[in-house]
Every structure is written in structure tokens, then in C-alpha cells.
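Residue-level listing of the chains:
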Amino acid sequence: MSTSSVSKGCFVFKPSAKKKKTQSLEDYFIHGCDGAENRETRFKLCQDLWDTIKAETETLQDELNRKILDSLLDFTRKCSSTRQHSDWAAQMRASEIPTAALVLGVNVPDHDMTFQSLSELLQQSVSPYVASVQAKECGALKHLMKRVLERLMDTTVTVDDEEEEAEQTSTSLHKSVHCSLGSLCDWYNAKTKKSSSGTPGKKRSSPVKDEPQQPPVVIIFKDLEAFNSRVLQDFILICSRYIERLPLMFIFGIATSPSTIQHMLPHSVSSLLCIELFQSLSCTQHLSTVIDKLILTSHFPFKLNGKVMQVLISIFLYHDFSVRNFIKGVQLALLEHFHSQPLSVLCCKKKEALLNVMQLSHGDLERIRQLPSFKRYVEKQEPQEQVNLSTDDAHLKEVCKKLIKSLRKYHKNYYPVLRCLHTLTTSLPRYPLGKQIRELHLICLEKNVWENEDYQSALKLLKMLAKDELIVLLQRCVEILQPVKSKKMKSARVQLEELLAKFKQLDIAAETPPCVEESLTSPVKNLGKKTDLFQLQKTLLEMNETRRSKKLSPFELVRNEALEFIDGLVKIHLSPPESQTLNEVCYYSSSATVRRHLNATPRTSIQAALSSPYYYLQNNNLKTEDCSVSNAAPDICIAYKLHLECGRLINLYDWLEAYATVVSAAEGNDPDSDSFGKVDEVKHARFIRAVSELEFLGFIKSTRQKTDHVARLTWGGC
């Protein structure tokens with residue numbers, strides 16, 4: 001390259017390098033995917049299935065949050081309309097701020113979706129002036145005020161400390177606004193006058209006629225517990241001074257209890273708020289609904305193994321109570337299944353799966369022959385059929401089609417019978433098979449549920465139910481089986497209806513009272529006669545045999561028939577999925593992978609990195625044996641290894657000398673020289689930095705017992 005110029009100067013020539021191509025999601029999925037024959041097909045199936053699941057979950061979450069969101073919208077409309085009428089001062093004092101205390105529960109990761117939906121609904125139907133703030137961005141009062149004004153006014157807001165800088169850099173396009181509620185009042189009055197005068201502005205669709213005159217200014221505090229109480233108190237006190245000029249409204253997002261407001265705010269401040277409480281659906285009920293609509297259904301071909309389900313539910317119950325993270329766990333299992341299982345190409349709808357069976361390659365068919373469930377199926381066949389399944393690919397494809405249809409029928413019958421059994425057992429005391437349907441589902445996934453002792457005790461308790469209670473439960477079972485389009489379930493529903501008809505006939509039939517003379521057996525009549533001891537013993541034995549062979553009543557006969565029918569349904573349709581051939585196609589079973597990705601252990605990872613830096617840095621000089629650390633390792637690794645050799649208290653000077661000795665050996669100094677192992681300024685600075693990093697990671701801490709010692713916080717070697 002060359003250039004011609006009269007004057008001297010500096011010329012820049014940009015390289016004409018081609019732009020790097022960014023990898024698409026499909027490229028990431030296909031890279032390293034097992035089974036090269038059908039990668040694209042599996043990716044498309046995975047994406048389509050996840051899009052369907054995502055749409056279903058979003059619709060379900062909207063339905064679950066609809067009640068609480070509608071209540072909040074009604075509250076904001078009511079407060080806004082009340083303020084605009086003359087009865088505002090009569091219903092609440094002029095200094096009171098309408099406040100909605102929204103108790104959402106401890107599932108904090110799910111709160112963002114709720115507040116996002118709430119903000120959108122408020123802006124669409126109540127007021128365009130909505131601002132959401134979080135505690136992490138409002139450490140001081142000026143920060144809180146600045147965030148509120150910036151999100152309401154959509155402009156740059158300057159604090160007193162920033163005014164001088166703003167004046168110096170006043171060349172910006174947007175004019176800055178002073179950080180005060182007075183500026184917000186002036187801006188709000190200008191906006192409302194502009195909209196009421198008919199000038200073109202921001203339009204809103206509102207069902208309330210009087211609302212466009214003075215729409216409320218809604219401020220949402222997403223995480224009330226995390227806010228500095230002093231900052232919150234000062235902000236409320238300031239807002240109460242402007243409530244007559246500005247229609248303010250607060251929404252407090254509470255994760256724990258409504259009493260949080262009383263703990264954070266003194267009575268002089270909380271009395272300035274007109275608080276109304278709103279309680280959202282509990283996260284456990286939300287999870288039960290999601291599992292019922294997402295997992296316990298035959299609409300989605302992808303299924304989770306019992307161990308994977310247990311991992312996801314355990315993370316939910318013992319870590320975050322987040323339904324959103326539970327759904328992410330399902331998504332992770334879905335991606336892992338389609339990425340690691342080449343036969344997941346058959347995990348789709350029935351028609352599509354039958355078409356994909358005919359397109360399977362010889363390698364895929366060999367994978368089918370290696371499946372444990374298919375091997376068990378082959379062992380049950382005749383010798384000639386075993387040979388055909390092992391050698392003839394065309395015959396194997398036809399058999400796979402039948403097995404895929406059988407697996408679909410199994411799922412269609414499994415979930416209705418599971419719900420029927422859950423309906424019958426949840427009414428029993430102490431819930432022998434679990435209170436939630438997910439607990440019963442996990443039992444059925446592990447082994448045959450009818451072999452469980454709790455199942456046998458549940459049947460005994462069902463025999464002790466009153467007739468009215470048993471009839472109600474059977475009617476619920478009929479309602480569960482009503483919409484199921486399966487021949488076996490239709491037949492089961494008809495038989496249940498016949499049993500219910502028999503129960504009704506017992507009520508209609510006139511029960512004739514038994515005759516007293518006929519009810520007295522001959523041994524009882526003979527008791528009044530004069531007899532000897534042998535005759536009396538014989539008579540008592542006959543009476544005992546009569547009691548044992550007591551004839552069952554009509555109700556007991558019908559009840560036993562109904563429970564035997566339910567027991568038969570359970571034994572036929574609630575066998576574990578591992579008993580079904582080709583279950584590996586639809587069921588994901590790698591619980592260790594899910595636990596490793598979702599339930600991370602950072603402490604273990606940090607210790608592994610400090611003990612074996614070679615596996616992270618890939619430097620051959622760091623390669624050692626027996627968990628030892630090379631003297632060429634980073635300073636923090638050397639300091640970590642040396643601290644493992646110490647007790648509860650570590651002498652910093654001894655630790656420094658040991659570190660200097662190791663580092664001197666790494667530098668190649670002569671061990672016999674006087675300078676070997678000597679501490680200089682550079683080594684001392686490197687050691688202090690390594691110790692500070694270990695303290696930051698939580699391996700050591702300073703102690704008051706000895707000034708030149710640190711306390712060790714962990715135990716164990718590599």
C-alpha cells in the first residue's frame with residue numbers, strides 16, 4: 001500500500017480480513033454430537049419440541065398469575081379513580097400513599113417474570129408511568145431517586161455531585177434534569193396537560209373513563225427485604241410531601257412475610273402508607289401444576305427417568321423453590337437427550353416416529369439391538385424370531401414400528417390410571433402413597449407400585465371407607481377417564497360406571513329387616529337348655545365357626561369388586577417404564593449430568609484447580625503425579641499446597657520461608673548458594689498476593705489468637 005500527500009501525516013490502513021462467521025445454535029448442537037447420520041433431524045426435533053413446551057409453560061404461568069395480576073390492576077384502578085373524585089380525602093388522608101404489598105414467596109428467580117408481566121399490564125391498561133427498581137442499584141437515597149426519575153422521565157438525571165460535570169459536558173443532545181421530586185411533578189403536570197389538551201402524545205388504552213386525566217405514577221420495589229431500611233424510610237417521607245401534587249402508588253415485592261414492612265419501617269413511616277395485602281400462589285402449588293401439565297401427559301414424547309426427576313425436584317425443594325429453574329432443568333435434560341442419544345430421532349409424534357423408523361441406518365439399527373430393553377425383548381422370543389431380529393434389518397424396522405406404537409399406548413394408559421390411583425389414595429389418612437401426585441409418580445417409576453407395602457396398606461384403608469366416600473372417589477375416577485381416547489380406558493370407564501350403578505341399586509333396593517327367629521341359629525337356641533360341659537363346648541365351637549363364615553353384605557361385595565378392579569388396572573398399566581421395550585428412546589436417564597450442571601460445587605472445582613493446575617492450564621511443566629504440585633505452578637497453587645501441610649493455625653513467617661524455598665527451586669538457583677530460599681521484595685509481594693487470594697476464596701482467615709498467624713478454614717488434601 002502507498003499514498004501520495006503534500007503534507008506529512010500518519011495514515012492508517014485497515015486490514016481487509018474476512019469477518020468471522022458466528023456459529024449458529026445448530027452448529028453448537030451438532031459439534032460433538034453422537035451419531036452423525038441424523039444430527040440435523042434431531043436438532044430440528046429438539047427445537048420444535050422445546051418451542052412447544054416453552055409455549056405451553058408460558059401460557060400456564062400466565063394463567064396461574066392472572067388472578068393476582070388482575071387483583072393488582074383493580075387495586076391500582078380503584079386508587080386512581082378514588083383520588084380523582086371528591087371522596088379522596090374522606091377515604092384516606094392526604095399524606096397516605098396507596099401501597100400494594102405483594103407476597104410472592106421465596107422463589108426469587110421467578111419474581112422477574114411476574115414483575116415484567118405486571119409492568120406490561122399496568123402500562124397497557126392503567127398508566128404509562130411505571131418504574132421498577134431493585135435494591136442492588138439503590139444503595140443510597142440519591143441513587144434510588146435517580147433510578148426512579150430516569151425510568152419515569154426517560155432522560156438523564158443529575159445529582160448534586162454531578163451537576164458540575166454535567167455543566168462542563170453540556171454538549172449532549174438530551175438536557176439533564178435535577179434529581180428531585182419537584183422536577184418529576186413539573187414533568188408530570190406538563191405531560192398530563194399536554195395529553196388532556198389534545199396534542200399528539202403517547203396514547204393509552206384504558207377502560208376507565210376518568211383515568212386519562214391523572215394516571216397514577218407506579219413505583220415497584222422488586223425486592224423489599226434487600227433495600228436499606230433507612231433509604232426506604234427517607235424516600236417514603238419525601239414522597240408523602242408530594243402526594244397532593246403527584247398521584248404516587250407503591251408496589252412492594254415481598255419474599256418472606258408481610259411483617260417485613262413493620263420490621264423495616266417504624267410506625268411514623270408506615271402510617272403514611274395505605275397498605276393492601278396480595279398473596280400469590282405458592283411455589284409448590286405452581287410446581288405441581290407445571291408437572292401435571294408438562295411431565296404427566298402423553299402429549300410430549302420426551303420423558304424423564306425417576307432419578308432425573310428426583311434430582312430436579314430435590315434442587316427445587318432444597319435450594320431455590322424456583323419453577324423457572326425447574327423448567328430450565330427440563331430443557332437441559334431435553335438438549336442432553338437429543339445430543340447424546342442417536343436414537344432420539346424416534347422421540348417425536350407417532351406418525352413422524354414411524355416415518356423415521358424406516359429411514360434408520362444400519363448403525364442406528366445396531367444401536368437398537370444393543371439397548372437393554374430390546375435385548376430383554378429378544379430373549380422372550382422364539383429362536384427363529386431371535387435370529388431374524390439380529391440379522392434382518394427390514395424385519396427389525398417393522399418390529400420397531402410395533403414397539404413404538406406399544407410405547408405410545410403405554411403412556412396413554414399410564415397417566416390416567418396414575419391420576420385415578422392418586423385420587424383414591426390422597427383421601428386416606430397419613431397419605432400412604434404421597435400427598436402430591438409427583439410422589440406417586442416417582443414410586444411408580446422406580447418399581448412395581450403394587451409390591452410396595454404402602455400400597456397394600458392403602459388398599460386396606462380403602463376398604464374401611466364409608467359408602468358415600470367411596471362413591472365420590474369412584475365418580476372422580478370416571479371424570480378422569482372421560483376425556484381419554486383409548487380403548488382400554490373407555491372400557492375401564494364403562495366398568496366403573498357399572499359399579500357405580502350397582503352402588504345406587506343398593507340405595508334403591510328395599511332392605512327387609514332380618515327376622516329375629518331366623519337370625520338365631522340352632523346353637524344359640526340350645527344355650528338355654530340344660531346341657532353338660534361337653535355339649536356347651538361343642539355349641540360354642542359351632543357359634544365361632546358361624547361367625548367366621550359370616551356372609552358378606554351386598555355393599556361389601558360391590559366394594560371388594562370395585563377395589564379388585566382398581567387393583568387390576570394398577571397392575572396392568574402402572575408398570576415401570578424400564579419394563580417397556582425401546583423406553584431409552586424417550587426417557588432421559590443421566591441424572592449425574594443434570595446434577596453436575598445444575599447443582600454445581602464451586603468449592604470442589606476450586607480445590608481441584610489449585611491441586612491439579614495442569615488440567616486447566618495444559619502446561620507440560622505442571623504435570624506431576626500423586627497429587628503433588630510442581631514448583632513451576634502459579635503462586636496461589638504453591639501457597640495452597642503448602643497450607644495443606646499445616647494445622648489449624650498457620651505461621652505466616654514459616655509459610656513464607658517454605659514458599660521462598662519452592663520458588664527458588666523453580667527459578668533454578670543453586671541449593672548450596674547463600675541466596676537460595678532467601679526472601680526478597682519480589683517473592684514477598686508474590687506471597688502476600690497469593691495469601692490474599694486464598695483469603696478471598698475462603699481457605700484462610702485472620703485470627704486474633706496470634707497476630708502473625710492465620711486460621712485455616714478447610715481440611716483435607718487433594
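Everything numeric in this text was worked out from a predicted model, so none of it was measured.

1. Re the sheet that holds strand β11 (residues 700–702)
Then comes step 1: On the basis of which strands lie adjacent, the open sheet formed by three strands has the order β10-β12-β11 and antiparallel pairing. The open sheet has two edge strands, β10 (649–651) and β11, and neither has a second partner. Recorded for the sheet is a direction-independent mean angle of 40 degrees between the axes of neighbouring strands.
Then comes step 2: For β10 and strand β12 (residues 709–712), the ladder comprises three bridges, and the chain directions are antiparallel. In the strand pairing of β12, Ile650 is matched with Val710.
Then comes step 3: Set on the sheet, helix α31 (residues 652–666) makes contact with β10, β11 and β12; between it and β10 the angle comes to about 60 degrees.

2. A few points about the confidence of the model for the protein
Then comes step 1: For the protein, per-residue confidence averages 84 on the pLDDT scale, and residues scoring 70 or more make up 82% of the total.
Then comes step 2: Considering each helix and strand of the protein separately, the mean pLDDT is smallest for helix α23 (residues 516–519), with a value of 44, and largest for strand β9 (residues 587–588), with 96.
Then comes step 3: Here residues 162–174 is modelled with pLDDT under 50, and outside its nearest four sequence neighbours on either side it reaches six contacts, counting other chains as well.

3. Looking at the packing of helix α17 (residues 383–391) against helix α18 (residues 393–425)
Then comes step 1: The geometry of α17 relative to α18 is characterised by a closest axis approach of 6 Å and an angle of 100 degrees between their N-to-C directions. Judged by the angle between their axes, α17 and α18 are roughly perpendicular. Of α18, the residues touching α17 (which contributes Glu385, Asn388, Leu389 and Thr391) are Asp393, His395, Leu396 and Val399.
Then comes step 2: Among the residues making up the contact of α17 with α18, the classes are represented as three nonpolar, three polar and two charged.

4. Examining a nonpolar patch on the surface
Then comes step 1: A cluster of nonpolar side chains, contributed by Leu533, Leu536 and Leu540, occupies part of the molecular surface with about 300 Å² of accessible area.
Then comes step 2: Here Leu540 shows up in helix α25 (residues 533–548).

5. Side note on the packing of aromatic side chains
Then comes step 1: This structure, assessed with the given rule, holds 18 aromatic pairs.
Then comes step 2: Plain terms: the ring middles of Phe250 and Phe252 are 6.1 Å apart, the flat faces sit at 25 degrees to each other, and that makes the pair stacked. As far as the burial class goes, Phe250 and Phe252 line up, both buried.
Then comes step 3: Between Tyr659 and Phe687 the ring centres are 5.6 Å apart and the planes differ by 45 degrees, which places this aromatic pair in the tilted class. Placement of the pair is Tyr659 in helix α31 and Phe687 in helix α32 (residues 681–697), with a sequence separation of 28 residues. Take Tyr659 and Phe687: they sit in the same class, and that class is buried.

6. Topic: the state of the cysteines
Then comes step 1: Counted under the stated rule, the structure contains zero disulfides.
Then comes step 2: Here Cys79 is not disulfide-linked; the sulfur of Cys274 is the nearest cysteine sulfur, at 6.6 Å.
Then comes step 3: Take Cys79: its relative accessible area is 7%, and that puts it in the buried class.
Then comes step 4: The thiol sulfur of Cys420 is not disulfide-bonded, and the nearest other cysteine sulfur, from Cys477, lies at 4.1 Å.

7. What about the packing of helix α12 (residues 306–320) against helix α19 (residues 437–446)?
Then comes step 1: It is the contact of α12 with α19, at a shortest axis distance of 9 Å, that shows an interaxial angle of 150 degrees. Classified by the angle their axes make, α12 and α19 are roughly antiparallel. Crossing hand, α12 versus α19: left-handed. Residues Gly306, Met309, Gln310, Ile313 and Leu317 of α12 pack against Arg438, His441, Leu442 and Leu445 of α19.
Then comes step 2: Across the contact of α12 with α19, the residue classes break down as five nonpolar, three polar and one charged.

8. Here's the deal with the side chain of Lys397
Then comes step 1: Tracing the backbone shows Lys397 in helix α18.
Then comes step 2: Asp393 provides the closest opposite charge to the buried, salt-bridge-free Lys397, at an N-O distance of 6.9 Å.
Then comes step 3: Leave out the neighbours within four places in its chain, and Lys397 touches Val357, Met358, Leu360 and Leu365.

9. A closer look at the pattern of salt bridges
Then comes step 1: Taken as a whole and judged by the stated rule, the model has 15 salt bridges.
Then comes step 2: The closest approach of N and O atoms between Asp74 and Arg77, which form a salt bridge, is 3.3 Å. Placement of both Asp74 and Arg77 in helix α2 (residues 39–84) is noted, with a separation of three residues, approximately one turn of the helix.
Then comes step 3: Ionic pairing is found between Glu137 and Arg151, a salt bridge with its closest N-O pair at 2.6 Å. Pair noted here: Glu137 is in the loop between β2 (130–133) and α5 (141–153) and Arg151 is in helix α5, with a separation of 14 residues, a long-range link.

10. Structural notes on a positive patch on the surface
Then comes step 1: On the surface, Lys350, Lys351, Lys402, Lys405, Lys409, Lys412, Lys485, Lys487, Lys488 and Lys490 cluster together to form a positively charged patch.
Then comes step 2: Broken down by secondary-structure element, the contributors of at least two residues to the positive patch are α14 (350–358), α18 and α22 (487–508).
Then comes step 3: Looking at the positive patch, the element that brings in the most residues is α18, giving four residues.
Then comes step 4: Within the secondary structure, Lys409 is located in helix α18.

11. As for the sheet that holds strand β7 (residues 273–279)
Then comes step 1: As summarised here, the arrangement of the five strands in space is β2-β5-β6-β1-β7, forming an open sheet in which the pairing is parallel. Edge positions in the sheet fall to β2 and β7, since each has one partner strand and no second. On average, adjacent strands in this sheet sit at an angle of 20 degrees to one another, irrespective of strand direction.
Then comes step 2: Direction of pairing for strand β1 (residues 97–103) relative to strand β6 (residues 248–254): parallel, over a ladder of five bridges. When the bridges of β6 are listed, Ala100 appears paired with Ile251.
Then comes step 3: Lying over the sheet, helix α4 (residues 111–125) contacts β1, β2, β5 (217–221) and β6, oriented at roughly 180 degrees with respect to β5.
Then comes step 4: Against the sheet, helix α8 (residues 229–241) engages β1, β5, β6 and β7, with an angle of about 160 degrees to β6.

What counts, and at which threshold
Residues numbered from 1 in each chain as written. Predicted model: local features only at pLDDT ≥ 70, side-chain atom pairs only at ≥ 80, totals over all residues. Heavy atoms only, no water. Pairing = 2+ DSSP bridges. Helix = DSSP H or I, 4+ residues; strand = E, 2+ residues; numbered from the N terminus. Axes fitted to C-alpha atoms, helices over the stretch in contact; angles between N-to-C directions. Contact = heavy atoms within 4.5 Å. pLDDT = per-residue confidence, 0-100. Parallel < 35°, antiparallel > 145°, perpendicular 65-115°, else oblique. Nonpolar A, V, L, I, M, F, W, Y, C, P; charged D, E, K, R; others polar. Patch = residues over 30% accessible without salt bridge, like charges linked within 9 Å, V, L, I, M, F, W, Y side chains within 5 Å. Areas by Shrake-Rupley, 256 points an atom, 1.4 Å probe, with all protein chains shown as cover. Salt bridge = Lys/Arg side-chain N within 4 Å of Asp/Glu carboxyl O. Phe/Tyr/Trp six-rings, centres within 6.5 Å; stacked < 30°, edge-to-face > 60°. Buried < 20%, exposed > 50% of the residue type's maximum accessible area, 1.4 Å probe, protein only. Disulfide = S-S within 2.5 Å. Left-handed = near helix turned anticlockwise from the far one by under 90°. Lys, Arg positive; Asp, Glu negative; His and termini not counted. Charge placed at Lys NZ, Arg CZ, Asp CG, Glu CD.

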